[in-house]
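Structural characterization, general
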Amino acid sequence: MFLQGYLRMMDHTGLDPVEYKWNYATYEDEALGKKPDKSASLEHESEESVNQWIGKKITLTSNGKIRCTNCGRPTKKSFGQGACYACFSTKAENDMCILRPETCHFHKGTCREPEWGKANCFKKHTVYFANSSGLKVGITKENPVSNRWVDQGARFGLPILEVDSRVAAGTIEHYLTKFLPDKTAWQKLVQGDPPYFDLVKEKEKYLKHLATKEFALETKDGKNIPLKWQPVISNEVSEISYPIQSYPKKIKSLKLSESEAIEDTLVGVKGQYLLFSSGVINIRSYGGYHFQLTVDN
């Protein structure tokens, strides 16, 4: 099988095991032999499950071209996770407050796209604990919450509390980072299963702690109002199983480049990582990059 186009993330469904789909885009201007320009993309999703490639030899390379995952414009450099500079500097989804939600500046009237902010940032968000490379805290607006855990490669996850905005979730998450990490150590993630943590016990401990604290949010007129949150009643821990035959022999980050192809047996998929015998590649890091992929039958 041979595929080529511009990379997107790997989509996924299910938890036991996770089923992955390889997503990519092609463009009308290139299909018609025209000079590449801003163009509506033709989105494609491979009908072949990535899970079916496991145990087979994969050849993955790039011709060096990049197209913005937001607008489709050719770009010499990818910013963030696949944006051109214009989209990176103007779209709200690429603003720093997406990485650091506690710095939300919507109330100051400086949101890059206020309507996008209203639709995406002022809705129910969940603060959760997950175990990917160890115990970590995070936030998400996704429903189900487990979609976020799969993106991170977590083996276990548990919702902790709910709030009505991204900035509220980010404020509590930022406070909890005094005690817990909010990042995953990718080397440990692709090395094997994480050490065990009793997520229910950790949840109960930190909910009791948070109940003793007061948090406030700033309004448009500069006033502070109490931040309200609700604990998630259920203590059901989600366990996630990934399609992995074995873990890499070497913990090495592989690169997608023009000069050198990745030619190796695919041994598993975890989070946004393709696991090969000789190392791993984070597909999310190459959003917008052109690729050619061959799977030997």
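Above this text you will find the structure in question.
Here goes a summary of the coordinates provided. (Residues numbered from 1 in each chain as written. Predicted model: local features only at pLDDT ≥ 70, side-chain atom pairs only at ≥ 80, totals over all residues. Heavy atoms only, no water.)

**Quick look at unusual backbone geometry**
What you tend to see is this: most non-glycine residues have negative phi, and most peptide bonds are trans. The cut-off we apply is this: Put simply, DSSP marks the helices as runs of H or I at least four residues long and the strands as runs of E at least two long, and each gets a number from the N terminus on.
Asp16 connects to Pro17 through a cis peptide bond whose omega is -5 degrees. Checked against the element boundaries, Pro17 lands in the loop between strand 1 (2-13) and strand 2 (19-27). The step from Asn143 to Pro144 runs through a cis peptide bond, and the omega angle for that step is 5 degrees. Note that Pro144 resides in the loop between strand 6 (135-140) and helix 5 (146-152).

**Observations regarding the nonpolar core**
Just so we agree on the cut-off: Here, nonpolar core refers to any group of buried Ala, Val, Leu, Ile, Met, Phe, Trp, Tyr and Cys residues whose side-chain atoms link them within 4.5 Å. To sort residues, take the accessible area from a 1.4 Å probe on protein chains only and compare it with the maximum for the residue type: under 20% means buried, over 50% means exposed, and anything in between is partly exposed. The contact criterion used is simple: two residues touch if any of their non-hydrogen atoms lie within 4.5 Å.
Judged by nonpolar contacts, the single largest core of 33 residues is most densely connected at Trp22, Trp53, Leu274 and Ile281. If you list the elements that add at least two residues to this core, you get strand 1, strand 2, strand 4 (57-61), strand 5 (125-131), helix 5, strand 12 (262-270), strand 13 (273-276) and strand 15 (290-295). Each residue touching Leu274, except ones within four places of it in the same chain, is listed here: Met10, Trp22, Val50, Leu266, Gly268, Val269, Gly279, Val280, Ile281 and Ile283. With 28 residues, the next largest nonpolar core counts Ala168, Ala169, Leu207 and Leu210 among its residues.

**Side note on the pairing of strand 15**
Put simply, the test is: Whether two strands pair depends on DSSP finding at least two bridges between them.
Most of strand 15 is tucked away: 5 of the 6 residues are buried. In this sheet, strand 15 lies alongside strand 1 in antiparallel orientation, the contact comprising 5 bridges. The residue of strand 15 that forms the bridge with Gln4 is Gln292. Pairing analysis gives 4 bridges linking strand 4 to strand 15, with the strands arranged antiparallel. Looking across to strand 15, one finds that Leu60 is bridged to Leu293.

**Some thoughts on helix 8 (residues 199-210)**
Defined as follows: Expected helix span is taken as 1.5 Å per residue step, with the number of steps being one fewer than the number of residues. Our arc is simply the arc of the directions from the helix axis toward the C-beta atoms. Any N or O atom pair separated by 3.5 Å or less is treated as a polar contact, with the protein-specific requirement of one donor-capable and one acceptor-capable atom, and with residues adjacent in sequence counted only for side-chain atom pairs.
For helix 8, built from 12 residues, the straight-helix expectation of 16 Å at 1.5 Å per residue is met to within 8% by its first-to-last C-alpha distance of 16 Å. Those residues of helix 8 that sit buried are Leu199, Glu202, Lys203, Tyr206, Leu207 and Leu210. Mapping the buried residues of helix 8 onto a view down its axis gives an arc of 125 degrees, with all of them on the same face. Exposed positions of helix 8 whose direction lies more than 90 degrees from the buried face are Lys201 and Lys208. With a side-chain oxygen lying 3.2 Å from the backbone nitrogen of Val200, the N-terminal cap of helix 8 falls on Asp198.

**A closer look at the layout of surface pockets**
Basically, it comes down to this: Whether a set of points on the 1 Å grid over the protein atoms alone is a cavity depends on a 1.4 Å probe fitting there but being unable to get out, while an open set qualifies as a pocket with protein on both sides within 12 Å along at least five of seven lines; lining residues are those with an atom within 4 Å of a point. Grid points are joined across faces, edges and corners, and a volume is the space filled by probe spheres set on the points.
The volume enclosed by the second largest pocket comes to roughly 460 Å³. In this structure, the second largest pocket is lined by 22 residues; those nearest its centre are Phe122, Ser165, Val167, Leu217 and Glu218. If you list the elements that add at least two residues to the lining of the second largest pocket, you get strand 7 (156-163), helix 6 (166-176), strand 8 (216-218) and strand 9 (224-226).

**Thoughts on the packing of aromatic side chains**
Think of a pair of aromatic rings as described by two things: how far the centres are apart, and how the planes are tilted against each other in angle. What counts, and what does not: Two aromatic rings, drawn from Phe, Tyr or Trp (for Trp, its six-membered ring), form a pair once their centres lie within 6.5 Å of each other, and the interplanar angle then sorts them: stacked below 30 degrees, edge-to-face above 60, tilted otherwise. Whether a charge sits over a ring comes down to the Lys NZ or Arg CZ being within 6 Å of the ring centre and within 35 degrees of the ring normal.
Throughout the structure, instances matching the rule amount to 14 aromatic pairs. Summarising the aromatic geometry, the rings of Tyr175 and Phe179 are spaced 5.5 Å apart at their centres and angled 70 degrees between planes, so their arrangement reads as edge-to-face. With centroids separated by 5.2 Å and ring planes inclined at 80 degrees, the aromatic side chains of Tyr286 and Tyr289 adopt a geometry described as edge-to-face. Note on Tyr286: relative accessible area 11%, which makes it buried. Members of the aromatic cluster, each reached through a chain of ring pairs, are Phe129, Tyr175, Phe179, Tyr206 and Phe215. Lying across the ring of Tyr27, Arg67 places its NZ or CZ 3.9 Å from the centre.

**Thoughts on the environment of Tyr206**
Examined against the element boundaries, Tyr206 turns out to sit in helix 8. Using a relative accessible area of 9% as the deciding quantity, one classes Tyr206 as buried. Spatially, the C-alpha atom of Tyr206 lies 11 Å from that of Tyr128, the residues being 78 residues apart in sequence.

**Observations concerning empty space enclosed by the protein**
Spelled out, the test is: Here the term charged refers only to Asp, Glu, Lys and Arg, the term nonpolar to Ala, Val, Leu, Ile, Met, Phe, Trp, Tyr, Cys and Pro, and the term polar to all other amino acids, Gly among them.
On inspection of all chains with the given rule, the structure shows 2 cavities of 30 Å³ or more. Looking at the largest cavity, its volume works out to about 100 Å³. Forming the walls of the largest cavity are Ala92, Asp95, Cys97, Ile98, Cys104, His105, Phe106, Cys111, Arg112, Trp116, Gly117 and Cys121. Looking at the lining of the largest cavity, the elements that each hand over two or more residues are helix 3 (96-99) and helix 4 (114-121). In terms of residue count, the dominant contributor to the lining of the largest cavity is helix 4 (3 residues). When the residues that make up the lining of the largest cavity are grouped by side-chain class, the tally is 8 nonpolar, 2 polar and 2 charged. A volume near 40 Å³ is recorded for the second largest cavity. Looking at the lining of the second largest cavity, the elements with two or more residues in it are helix 3 and helix 6.

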